[in-house]
Amino acid sequence: MTFFYLVLGLLLLLGGAEFLVKGAAALATRIGVSPFMIGLTLVGFGTSAPELVASLEGAFQGYPGIAVGNVVGSNIANILLILGASGLIFPLVCDRNVLKRDGAMMLMAAAAFVVVCVVGELSRLAGFAFLAVLALYLVYTYRADKKGQDGAGELHAAEAAFLKARHPMSLVIEIVMAAGGLVALVTGASLLVGSAVEIAEGFGISDSVVGLTIVAVGTSLPELATSVLAALRRQADIAIGNVVGSNIFNVLGIAGVVASVKPVSVPGDIASFDIWVMAAASILFMVFAWSGRRIGRGEALFLLFGYGAYVTFLLH
């Protein structure tokens, strides 16, 4: 039954995120929110919502390894696993002009998270600081996109259109989808964390490893589904933008909320190793983006091999 609950939790997370994003995006459109603002906020937050509820669940249940490891592991999986899988399907061209701002923000967020983890505590002060930076970033991005200073506005609008429901919905259905998605997320996170911890204890695995692997990959399923679908449709910008936005929200939004609500200590193994893997993966991505190189099948295999090696090392 434990494995059944694990799978059920994963399915609820994936379905809940999908319903929440579509319902919330439809509601936002109904009240006049612009497509690029929907892409910037709701899409990024919606695909990161599973990480949020799972990390909060881990923090309140007394598993700091899950609360912190989920953020770190999700960001690693987003770059190495998700971009690797997407690039294997169809080569992803990194548009430097589109991603230079958001990519730089992702790198700065990763650097700030490294500092916090090395200090050893995800404190309430750090949480408030992360949330303040996220708010400033969203305001700046909104103004820059509205003025058309770069191509990021078009990318965010395309993200909103990509995830938009195919057929118009009534107001009641939109509300039910958004609320139902949120309930599914909370329920799925509880089942995922509880069953994953139980399985890990049976195999003698720490909660940090659980957060970095099972929970991180499980909560990254919405990003995986979105990026792979975008690759199949040959929309590389959306596949890459989805990962970048998610990584920014994971650190500034999720870690920020968790620390503000329930400060946690950073496990020593994460601070000494995994956070540096996350930083290295972020830098590797920026090398691809800044050089204008594409993530072809060769690069994708390299990313996937790197993720396989990382997980193997954790479980050895």
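Data block above holds the structure.
Attention here is on the structure that accompanies the text. (Residues numbered from 1 in each chain as written. Predicted model: local features only at pLDDT ≥ 70, side-chain atom pairs only at ≥ 80, totals over all residues. Heavy atoms only, no water.)

## Topic: the overall build of the chain
Part 1 of the reasoning: Per the secondary structure count, the chain includes 12 helices and four strands.
Part 2 of the reasoning: Counting only residues that meet the buried cut, the chain has 54% of its 316 residues in that class.
Part 3 of the reasoning: In the form shown here, the chain has an accessible surface area of approximately 13,100 Å², with 71% of it arising from carbon and sulfur atoms. (Helix = DSSP H or I, 4+ residues; strand = E, 2+ residues; numbered from the N terminus. Buried < 20%, exposed > 50% of the residue type's maximum accessible area, 1.4 Å probe, protein only. Areas by Shrake-Rupley, 256 points an atom, 1.4 Å probe, with all protein chains shown as cover.)

## Comments concerning the packing of aromatic side chains
Part 1 of the reasoning: With the rule as written, the count across this model stands at five aromatic pairs.
Part 2 of the reasoning: Between Phe273 and Phe313, the aromatic rings sit 4.8 Å apart at their centres with planes inclined by 45°, giving tilted as the arrangement. Of this pair, Phe273 sits in helix α11 (residues 268-291) while Phe313 sits in helix α12 (residues 297-315), placing them 40 residues apart in sequence.
Part 3 of the reasoning: For Phe313, a relative accessible area of 44% corresponds to the partly exposed category.
Part 4 of the reasoning: Ring geometry for Tyr307 against Tyr310: centres 6.3 Å apart, planes inclined by 45°, an arrangement best described as tilted. Here Tyr307 and its partner Tyr310 are both found in helix α12, three residues apart, which amounts to about one turn of the helix.
Part 5 of the reasoning: With a relative accessible area of 4%, Tyr310 lands in the buried category.
Part 6 of the reasoning: Through successive ring pairs, a cluster of aromatic residues spans Phe273, Tyr307, Tyr310 and Phe313. (Phe/Tyr/Trp six-rings, centres within 6.5 Å; stacked < 30°, edge-to-face > 60°.)

## Regarding a nonpolar patch on the surface
Part 1 of the reasoning: The grouping of Phe3, Phe203, Ile205 and Leu315 at the surface amounts to a nonpolar patch, some 440 Å² of accessible area in total.
Part 2 of the reasoning: Residue placement: Leu315 occurs in helix α12. (Patch = residues over 30% accessible without salt bridge, like charges linked within 9 Å, V, L, I, M, F, W, Y side chains within 5 Å. Salt bridge = Lys/Arg side-chain N within 4 Å of Asp/Glu carboxyl O.)

## Some words on the packing of helix α7 (residues 171-203) against helix α8 (residues 207-219)
Part 1 of the reasoning: At their nearest, the axes of α7 and α8 sit 10 Å apart, and the two run at 145° to each other. Relative to α8, the crossing made by α7 is right-handed. Residues Leu192, Ala196, Val197 and Ala200 of α7 pack against Val210, Ile214, Val215 and Thr219 of α8.
Part 2 of the reasoning: For the contact of α7 with α8, a count of residues per class yields seven nonpolar, one polar and no charged. (Axes fitted to C-alpha atoms, helices over the stretch in contact; angles between N-to-C directions. Left-handed = near helix turned anticlockwise from the far one by under 90°. Contact = heavy atoms within 4.5 Å. Nonpolar A, V, L, I, M, F, W, Y, C, P; charged D, E, K, R; others polar.)

## So, the side chain of Glu51
Part 1 of the reasoning: Turning to its location among the elements, Glu51 is positioned in helix α2 (residues 35-60).
Part 2 of the reasoning: By relative accessible area, which is 0% here, Glu51 ends up buried.
Part 3 of the reasoning: In this structure Glu51 touches Asn70, Ser74, Thr219, Ser220, Glu223, Asn250 and Ile254, once residues within four positions along its chain are discounted.

## A short note on helix α9 (residues 221-232)
Part 1 of the reasoning: Taking 1.5 Å per residue as the helical rise, α9 with its 12 residues ought to reach 16 Å, and the 16 Å between its terminal C-alpha atoms agrees with that figure.
Part 2 of the reasoning: Remark: Arg234 follows α9 within two positions and exhibits a positive phi of approximately 60°. (Expected span 1.5 Å × (residues − 1).)

## Comments concerning the environment of Gln235
Part 1 of the reasoning: Inspection of the secondary structure assignment puts Gln235 in the loop between α9 and α10 (236-261).
Part 2 of the reasoning: Under the relative-accessibility criterion, Gln235 is labelled partly exposed at 31%.
Part 3 of the reasoning: Separated by 145 residues in the primary sequence, Gln235 and Phe90 place their C-alpha atoms 9.2 Å from one another.

## A word on the environment of Gly298
Part 1 of the reasoning: Within the secondary structure, Gly298 is located in helix α12.
Part 2 of the reasoning: Taking the relative accessible area as the measure of exposure, Gly298 reaches 53% and is therefore exposed.
Part 3 of the reasoning: Separated by 207 residues in the primary sequence, Gly298 and Pro91 place their C-alpha atoms 9.4 Å from one another.

## So, the side chain of Asn70
Part 1 of the reasoning: Note that Asn70 resides in helix α3 (residues 64-89).
Part 2 of the reasoning: Classification of Asn70 as buried rests on a relative accessible area of 0%.
Part 3 of the reasoning: Residues in contact with Asn70, not counting those within four places in the same chain, are Glu51, Ala54, Ser55, Gly65, Gly211, Val215, Ala216 and Thr219.

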